[in-house]
Amino acid sequence: MQEYFSRMDIGNLFLVMLKSSGVSLEVFFLTLLFSIPLALVICSGRMSKIKVISKITSAFLLIIRGTPLMLQLIFVYFAPPYIFGAGMQRFTAAIVAMVINYACYFAEIYRGGIQAIPVGQYEASSVLGFTKGQTFFRIVLPQVIKKIIPAMGNEVITLVKDTALVQVLGVAELFHVAKTQSGRLVSVLPLFIAGVFYCVMNWGVTKAFDFAEKKLDYYK
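Residues numbered from 1 in each chain as written. Predicted model: local features only at pLDDT ≥ 70, side-chain atom pairs only at ≥ 80, totals over all residues. Heavy atoms only, no water.

(A) Broad picture of the environment of Asp 217. Within the element layout of this structure, Asp 217 appears in the segment after helix H9 (189–215). In this structure, the C-alpha to C-alpha distance between Asp 217 and Met 70, residues 147 residues apart in sequence, is 37 Å. (Helix = DSSP H or I, 4+ residues; strand = E, 2+ residues; numbered from the N terminus.)

Here it is as structure tokens:
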């Protein structure tokens, strides 16, 4: 076994793993790009004073948050051909499922942050002549962002690891390639390298959120 590994090109293995980590990063950034604004829409529906909209949104949140992400990935890829007669590519289906799932979790974090703002903030802005839009974007939103950063950080760290789940659709992301290489080489080295890559990515996420939290320290 050692003779075999002495001939193995570690450099090539590292490059293969690095390339697959690019796919994981693509899934990660696309999910964030679309789920963060979608979460605001879902949050608005959940907090709507129109009961029908609120109830439907609540039911949708219950379904998404109450079922495994892996099941949602499978459903989004395999269900449309039976329901609509047309499906999506594997990567597209993976992104759609990930976006919907994380948007629901982010929406509940948003809701918690918005409801944590004292009513006096809204009353004071009304007295000062601010419109509802100005109140939300100039007074409420900056405070909400400050309050939700820790919870958002936890979810984003989880997202980095959940990118591994898209392998269920055959997307060749980091963990999928690590397992394939591990089986081919009969070694845990590819899995170890994948673990290091995930740790590095989450280190970057942690530092980014730490920086954002320090920048918003004046909101106390």
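(B) Region of interest: the packing of aromatic side chains. According to the stated counting rule, one finds 4 aromatic pairs in the structure shown. Taking 4.8 Å as the distance between ring centres and 80 degrees as the angle between the ring planes, the aromatic pair formed by Tyr 77 and Phe 78 counts as edge-to-face. Note on Tyr 77: relative accessible area 17%, which makes it buried. A relative accessible area of 44% places Phe 78 in the partly exposed class. (Phe/Tyr/Trp six-rings, centres within 6.5 Å; stacked < 30°, edge-to-face > 60°. Buried < 20%, exposed > 50% of the residue type's maximum accessible area, 1.4 Å probe, protein only.)

(C) Structural view of the nonpolar core. Membership of the largest hydrophobic core comes to 50 residues, with the highest contact counts inside it found for Met 17, Leu 73, Met 98 and Phe 106. Residue assignment for this core shows that the elements contributing at least two residues are helix H2 (10–46), helix H3 (51–66), helix H4 (69–83), helix H5 (90–115), helix H7 (132–162), helix H8 (174–185) and H9. Top contributing element to this core by residue count: H5, with 14 residues. If near-sequence neighbours (up to four positions away) are discounted, Leu 73 is found in contact with Ala 94, Ala 97, Met 98, Leu 165, Val 166, Val 168 and Leu 169. (Core = buried A, V, L, I, M, F, W, Y, C linked by side-chain atoms within 4.5 Å. Contact = heavy atoms within 4.5 Å.)

(D) Summary view of the environment of Lys 215. Relative to the elements of secondary structure, Lys 215 occurs in helix H9. In this structure, the C-alpha to C-alpha distance between Lys 215 and Lys 146, residues 69 residues apart in sequence, is 9.3 Å.

(E) Looking closely at H8. Compared with an ideal rise of 1.5 Å per residue, which puts 12 residues at 16 Å, H8 spans 16 Å between its outermost C-alpha atoms and is within 8% of the ideal. When H8 is considered as a whole, its buried residues turn out to be Leu 174, Val 177, Ala 178, Gln 181, Ser 182 and Leu 185. Down the axis of H8, the buried side of the element spans an arc of 135 degrees, and every buried residue falls inside it. Structural note: H8 exposes Gly 183 and Arg 184 on the side pointing more than 90 degrees away from its buried face. N-cap assignment for H8: the residue whose side-chain oxygen lies 2.8 Å from the backbone N of Phe 175 is Glu 173. Val 186 lies just past H8 and shows a positive phi near 50 degrees. (Expected span 1.5 Å × (residues − 1). Arc of directions from axis to C-beta. Polar contact = N/O pair within 3.5 Å; in protein donor to acceptor, adjacent residues only side chain to side chain.)

(F) Representation of a nonpolar patch on the surface. Together, Ile 50, Val 52, Ile 53 and Ile 56 give the surface a local cluster of nonpolar side chains, amounting to about 380 Å² of exposed area. Its location among the elements puts Ile 50 in the loop between H2 and H3. (Patch = residues over 30% accessible without salt bridge, like charges linked within 9 Å, V, L, I, M, F, W, Y side chains within 5 Å. Areas by Shrake-Rupley, 256 points an atom, 1.4 Å probe, with all protein chains shown as cover. Salt bridge = Lys/Arg side-chain N within 4 Å of Asp/Glu carboxyl O.)

(G) Spatial organisation of the state of the cysteines. The final tally for this structure, using the stated rule, is 0 disulfides. No disulfide involves Cys 104; its nearest neighbouring cysteine sulfur is the one of Cys 43, lying 11 Å away. When its relative accessible area of 0% is taken as the criterion, Cys 104 is described as buried. (Disulfide = S-S within 2.5 Å.)

(H) Up close: the pattern of salt bridges. Within this structure, the stated rule accounts for 2 salt bridges. Two residues, Arg 65 and Glu 108, come together in a salt bridge whose shortest N-O distance is 3.5 Å. Linking Arg 65 in helix H3 with Glu 108 in helix H5, this pair joins segments that are 43 residues apart in sequence. Residues participating in the shared-partner salt-bridge network are Arg 65, Glu 108 and Arg 111.

(I) Summary view of the side chain of Gln 72. Its place among the elements puts Gln 72 in helix H4. A polar side-chain atom of Gln 72 sits 2.9 Å from a polar atom in the side chain of Asn 101.

(J) Broad picture of the packing of H2 against H9. At a minimum axis distance of 10 Å, the contact between H2 and H9 shows a crossing angle of 40 degrees. When the axes of H2 and H9 are compared, the pair comes out oblique. Remark: the crossing between H2 and H9 carries right-handed chirality. In contact with Ile 10, Leu 13, Phe 14, Met 17, Leu 18, Ser 21, Leu 25 and Phe 28 of H2, H9 contributes Leu 189, Pro 190, Ile 193, Ala 194, Phe 197, Met 201 and Val 205. (Axes fitted to C-alpha atoms, helices over the stretch in contact; angles between N-to-C directions. Parallel < 35°, antiparallel > 145°, perpendicular 65-115°, else oblique. Left-handed = near helix turned anticlockwise from the far one by under 90°.)

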